[in-house]
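# Overview (structure and organization)
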Amino acid sequence: MIISKHFLFYSQFKYFPRVPFFPRLFCSHNPYINHDVEKVFRIINSSNSKILNQSLKSSGVFLSNSLIDGVLKRVRFSHGNPSHAFEFFNYCGNRRGFYHTAFSLDTMLYILGRSRMFDKIWEVLYEMRRKDRSLISPRTVMIVLARVAKVCSVRQTVESFKRFKKLVPEFDTGCFNALLRTLCQEKSMADARNVYHRLKHEFRPNLQTFNILLSGWKSTEEAEGFFKEMREMGVKPDVVSYNCLVEVYSKGRELDKAYKVVEKMRDEDIKPDVITYTSLIGGLGLVGQPDKAKDVLKDMKEYGCYPDVPAYNAVIRNYCIAKRLGEAYSLMDEMVNKGLNPNATTYNLLFRVFFWWNDLPSSWNLYQRMMKTGCLPNTQSCMFLIRLFKRQEKVDMALHLWDDMVEKGFGSYTLVSDVLFDLLCDFGKLLEAEKCFLQMLEKGHKPSQVSFRRIKVLMELTNKHEALQNLLDKMAFLGMHVPKCVDRPTETVDLDSLPVNHTFVTNHGPRRC
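Our subject in this report is the structure included herewith. (Residues numbered from 1 in each chain as written. Predicted model: local features only at pLDDT ≥ 70, side-chain atom pairs only at ≥ 80, totals over all residues. Heavy atoms only, no water.)

### Details of the overall build of the protein
- The helix and strand tally for the protein stands at 27 helices and 2 strands.
- Scored against the burial criterion, the 513 residues of the protein give a buried share of 52%.
- Pairs at least 24 residues apart make up 67% of the contacts formed inside the protein by residues separated by at least 6 positions.
- Put simply, the protein shows about 24500 Å² of open surface, and 50% of that area lies on carbon and sulfur atoms. (Helix = DSSP H or I, 4+ residues; strand = E, 2+ residues; numbered from the N terminus. Buried < 20%, exposed > 50% of the residue type's maximum accessible area, 1.4 Å probe, protein only. Contact = heavy atoms within 4.5 Å. Areas by Shrake-Rupley, 256 points an atom, 1.4 Å probe, with all protein chains shown as cover.)

### Topic: unusual backbone geometry
- For Lys-323, which is not glycine, the phi torsion reads 60 degrees and is therefore positive.
- If you trace the backbone, Lys-323 turns up in the loop between helix H18 (309-321) and helix H19 (325-337).
- Take Lys-323: its relative accessible area is 58%, and that puts it in the exposed class.
- Phi is positive for Asn-463, close to 60 degrees, though the residue is something other than glycine.
- Following the sequence through the fold, Asn-463 ends up in the loop between helix H26 (449-461) and helix H27 (465-477).
- Note on Asn-463: relative accessible area 59%, which makes it exposed.

### Describing the pattern of salt bridges
- Enumeration over the complete set of coordinates arrives at 21 salt bridges.
- Note that Arg-130 is salt-bridged to Glu-127, the shortest N-O span being 2.4 Å. You can see Arg-130 and its partner Glu-127 sitting in helix H7 (residues 118-132), 3 residues apart, about one turn around the helix.
- For Arg-130, a relative accessible area of 61% translates into the label exposed.
- Under the relative-accessibility criterion, Glu-127 is labelled partly exposed at 35%.
- For the salt bridge of Glu-186 with Lys-150, the shortest nitrogen-to-oxygen distance reads 3.2 Å. Within this pair, whereas Glu-186 is found in helix H10 (residues 173-186), its partner Lys-150 is found in helix H8 (residues 138-151), the two being separated by 36 residues in sequence.
- Shared partners join several salt bridges into a network, and the residues in it are Glu-38, Arg-42 and Arg-74. (Salt bridge = Lys/Arg side-chain N within 4 Å of Asp/Glu carboxyl O.)

### Thoughts on the packing of aromatic side chains
- Evaluated as defined, the whole model comprises 17 aromatic pairs.
- Judged by centre distance (6.1 Å) and plane angle (55 degrees), the ring pair of Phe-161 and Phe-203 falls under tilted. Taken together, the residues span a long stretch of sequence, with Phe-161 in helix H9 (residues 154-163) and Phe-203 in the loop between helix H11 (189-199) and helix H12 (207-214) at a distance of 42 residues. Across the pair, Phe-203 and Phe-161 agree in class, each one buried.
- Consider the rings of Phe-437 and Phe-452, whose centres lie 6.3 Å apart with planes at 45 degrees: the pair is tilted. Of the two residues, Phe-437 is situated in helix H25 (residues 430-442) and Phe-452 in helix H26; the sequence distance between them amounts to 15 residues. (Phe/Tyr/Trp six-rings, centres within 6.5 Å; stacked < 30°, edge-to-face > 60°.)

### Remarks on the side chain of Glu-434
- Structurally, Glu-434 is set in helix H25.
- Beyond its immediate stretch of four places on either side in the chain, Glu-434 contacts Met-459, Ala-467, Asn-470 and Leu-471.

### Considering the packing of helix H14 (residues 239-251) against helix H15 (residues 255-267)
- Contact pair H14 / H15: the axes reach a minimum separation of 8 Å and the direction vectors enclose 165 degrees. With respect to H15, the element H14 is oriented roughly antiparallel. In the crossing of H14 with H15, the sense of the turn from one axis to the other is left-handed. Contact with H14, carried on its side by Val-239, Tyr-242, Asn-243, Leu-245, Val-246, Tyr-249 and Ser-250, involves Leu-255, Lys-257, Ala-258, Val-261, Val-262, Lys-264 and Met-265 of H15 and no other residues of that element. (Axes fitted to C-alpha atoms, helices over the stretch in contact; angles between N-to-C directions. Parallel < 35°, antiparallel > 145°, perpendicular 65-115°, else oblique. Left-handed = near helix turned anticlockwise from the far one by under 90°.)

Here's what the structure looks like:
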């Protein structure tokens, strides 16, 4: 049965079912959908590209929109094989009468961009323009530009932006804002400002434009200047605009000005929100006043604003910096009592302290508490732990962490395996290293050159040529390029370079996790 496109509905700001009048045709409500997602994901990662289509046909799984969304999401967060994911995307899209969702399109573009397969990105976009142009939204523009900006110059990023003029239904301020947001996040505020001044006459800047440009300033003078330009253009600031100003003052340790902005917000009947107070908490931590920052949690309640997890994290961070872990743990307990669950960022604040104190028992107990509460570690959590295990030569603990990662699907296999394989090879645990290597391949993750070389050399020295050939065959079957064995130092992760308080821009302004 073919669905007429007259029945398809789409919004460029939210994802809705592609077929609202026929919800069961391409949208599965099967209770076993997660099982099917996992089944298709394994087919994508384990099948040779030559037989992928046949494997999908013989799987017996109905490829609904919701299942395809789930599979691509699984590929994205598990760093699955991008080439096979692209073949899967095309296989589904080529079915008669089928239309991808906006979510599937954006996720596929993200996967391709992460692997720097830019030719494939434009191939997908031009095909989508032909088939269903309405799916290409400002969000799509931002996803593509973000991947381009990571590896290309500002000029090339702007050129890529201009290519979208022939692709999106409306090449308007929303697309311009997507470009500016990308430059703020991937390049610098100076680059964003220069591009804004160069292109602002081609678009009509709106409130969101200025909120994006206000969000990343480190210089209070420049932020104030932009705020002034905003008013001169007749754009009235909202709570997001003022939050950006509070943020820049707090980061600059100019707390008197930050508090004056809060008072001005109240005078203009703009209610400060939890983001406003979180910025103040961060600023108080920078000037060494963790107790006063904690008092902000009480003050905000008096104004009818209740702290969330990022607000508590900001206070906990201050106590970790002050090495007052007793108060930090008390705040974690307070969060739970108030129905708030500590997240990975909360635990990473403490993992960081234990890592630099070389405190393995406390780190291990914290990890067990984390897993018991159902909060999965992220890559930073795993790196703090695996580096500490290697430092103290705890093979069993390292393997326990790896088993949890494989079972529950968290963390970066590539980064963690580099440290794990070093530890296993140092102790001659070749069988364990081989097992972990195979598990990594089965999950669709490619090992680094250094890890592959270390295991290859050790297998050759111990005459395990058959086991080595098994690894090579497995990599070839999965379509992975066998890394060249070159002598170069192991790439390590600077744990201090991994941020604990991530600041990013949301619809409510700059936000810490």
